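Residue-level structural notes
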Amino acid sequence: MNLIQQPLRTPTGESLRFSRSVQIALVLICACLMTAGCALTSWQLPRTDEESNGGTAASLLCTTPAPTNASEVANLFTTADPRVFAGGDGILAARLGSGRTLVITADNFTDPSGGQLPPTIGPGTAMRHNAAFLTQDGCLRAASTGELLPTVYADPAGAPRYFWPSALITHDDTTFTLFADVMTTSASSALNSFDFHRVGVARYTIRVIGSTVIAEREADLPGDPAGISWSAGGGRDSAGRAVIYGSRADATAWEIFAARTDDPLSDPSTWEYSTVHGWQIGGTPAPVAHNCSDAVGPLPGDPYRFATKLGGAIGTDVALLRVDPATGRVVMSAVVAQVPSTTEMWSYNPQFFPVSDRQSALLINHNSMSAETHDRAAFSPAAIMDVMHDDPIWR
């Protein structure tokens, strides 16, 4: 189409005419936008939840204040527009320079009817294996139009492989590295089985540009010869080093390991590992904690302090631990809460959600072996407690 020769018209049908220079400028702008649009191959923030569903600009305003405690953080999810979030787990969160918070989930259920369906995860609800969101004050806004990390059908046996977002490491106010477990299942359909197996760790660069979020696949982490999955959690310390946690299954639970690096995150051979002799490049990692779940939730701003669940998948104790930055060994551990957990309904993956520079909300995820009849509220993150970063319990 020759854009210059096509007159623009007002709603009443009158032609709008521009000078030749303005016409050329418009064409160049259109060409630039078309080129930029073609280059974005990942995922973007829809205009808004309401606007994407026929709302108006006035309805985009969030009238809920930003959360100030763990209960209000949990309300972000339980009161969200069900077309955006009707349930989900595996919550990761990081504060952006703009004051908003980036939220990434593993599973994300939505209700396309906008709340007309029964309040369960069942027929009519849609599921994405992972998704991204941005907070707007006290509202949760969708930031991915599809799955953040697409399902890859590459398993030699024909079973699908899924990405489970598991560690989010800040580079600056808008750029992050995301580690994701590559999971497969022995069942023909992973939706009907929780028999997942880790087969690798994928690495992504996440960029937030205004209301656009871009995910770029990087080289996967090489396999660890000791069988440690370096995707249990991560963060950035005050010296600018990335701190990475790994997990390895033992008889009944998981061991937790620690490493750190000035970068690159892609080359574990350059990392410092916590060993029995302290931090060592290329040393033999030694567990910093035993009898844990397979994930840790680092405290925002200080990844040497983290939360985890004790007793493996079905354990009920939530604990806070602190690694000495000088020695790499755990010097403090305290059980701070108990959560219900059984073989039919378990609580897992405690994670911190930043509230301010001095305070974070500790959340817990839920899941059920009977997901199709699961209450949506129970499948949303629940508040455990508020944690002050200078609380004496960390000493």
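Preceding block: the structure.
Figured I'd write up the structure that's included with this text. (Residues numbered from 1 in each chain as written. Predicted model: local features only at pLDDT ≥ 70, side-chain atom pairs only at ≥ 80, totals over all residues. Heavy atoms only, no water.)

All right, on to the packing of aromatic side chains then. Per the counting criterion, the structure on display carries 10 aromatic pairs. Ring geometry for Trp230 against Trp271: centres 6.0 Å apart, planes inclined by 90°, an arrangement best described as edge-to-face. Remark: Trp271 occurs in the loop between strand S17 (254-261) and strand S18 (272-275) and Trp230 occurs in strand S15 (residues 229-236); sequence separation between them is 41 residues. Overall, the relative accessible area of 4% leaves Trp230 in the buried class. We classify Trp271 as buried; its relative accessible area is 0%. Three or more aromatic residues joined by ring pairs form one cluster here, namely Phe77, Phe85, Phe133 and Phe353. The ring of Trp394 carries Arg305 above its face, with NZ or CZ at 5.1 Å from the centroid. (Phe/Tyr/Trp six-rings, centres within 6.5 Å; stacked < 30°, edge-to-face > 60°. Helix = DSSP H or I, 4+ residues; strand = E, 2+ residues; numbered from the N terminus. Buried < 20%, exposed > 50% of the residue type's maximum accessible area, 1.4 Å probe, protein only. Lys NZ or Arg CZ within 6 Å of the ring centre and 35° of its normal.)

The calculated volume of the second largest pocket comes to roughly 590 Å³. Lining the second largest pocket we find 30 residues, and of these Ala94, Arg95, Thr170, Pro300 and Gly301 sit closest to its centre. Those elements that place two or more of their residues in the lining of the second largest pocket are strand S4 (92-95), strand S11 (162-170), S15, strand S21 (297-299) and strand S25 (345-354). (1 Å grid on protein atoms, 1.4 Å probe; cavity = no way out; pocket = protein on both sides within 12 Å on 5 of 7 lines; lining within 4 Å. Points joined across faces, edges and corners; volume = space filled by probe spheres on them.)

Quick look at the pairing of strand S19 (residues 278-281) now. Bridging between S18 and S19 involves four bridges; their strand directions are antiparallel. Across the sheet, the residue bridging to Glu272 is Ile281, located in S19. A loop of two residues connects S18 with S19, the two strands running antiparallel in sequence. (Pairing = 2+ DSSP bridges.)

Take the pattern of salt bridges next. Under the definition given, this model contains 11 salt bridges. Among the salt bridges present, the one from Glu255 reaches Arg248, with a minimum N-O distance of 3.1 Å. Residue Glu255 is classed as buried on the basis of its relative accessible area of 13%. Classification of Arg248 as partly exposed rests on a relative accessible area of 26%. Of the charged contacts in the structure, one is a salt bridge between Arg358 and Asp390, with a shortest N-O distance of 3.3 Å. Of this pair, Arg358 sits in the loop between S25 and strand S26 (359-368) while Asp390 sits in the segment after strand S28 (382-388), and the two are 32 residues apart along the sequence. The exposure class of Arg358 is partly exposed, given its relative accessible area of 49%. (Salt bridge = Lys/Arg side-chain N within 4 Å of Asp/Glu carboxyl O.)

Here the focus is the nonpolar core. Of all hydrophobic cores here, the largest spans 22 residues; its most connected members are Leu102, Ile104, Leu168, Phe176, Leu178, Tyr204 and Ile206. Broken down by secondary-structure element, the contributors of at least two residues to this core are S4, strand S5 (101-105), strand S9 (131-136), S11, strand S12 (175-185), strand S13 (196-209) and strand S14 (212-217). Leaving out residues up to four positions away in the same chain, Tyr204 has contacts with Leu149, Phe163, Phe176, Thr177, Leu178, Ala215, Glu216, Arg217 and Glu218. Leu76, Ile91, Phe133 and Ala142 belong to the second largest nonpolar core, which has 18 residues in total. (Core = buried A, V, L, I, M, F, W, Y, C linked by side-chain atoms within 4.5 Å. Contact = heavy atoms within 4.5 Å.)

Moving on, we come to the side chain of Asp81. Along the chain, Asp81 falls in the loop between helix H3 (70-78) and strand S3 (87-88). Its relative accessible area of 19% is what places Asp81 among the buried residues. Within the local environment of Asp81, its side chain forms a polar contact with the side chain of Arg83, the two groups lying 2.6 Å apart. (Polar contact = N/O pair within 3.5 Å; in protein donor to acceptor, adjacent residues only side chain to side chain.)

This brings us to the state of the cysteines. Under the counting rule described, the total for this entry stands at one disulfide. A sulfur-sulfur separation of 2.1 Å characterises the disulfide bridge that pairs Cys62 with Cys139. Measuring handedness by torsion sign, the sulfur bridge of Cys62 and Cys139 sits at about 85° and is right-handed. Taken together, the residues Cys62 in the loop between helix H2 (49-52) and H3 and Cys139 in strand S10 (residues 139-142) connect sequence positions 77 residues apart. Of the two residues, Cys62 and Cys139, neither departs from the other in class, the shared state being buried. (Disulfide = S-S within 2.5 Å.)

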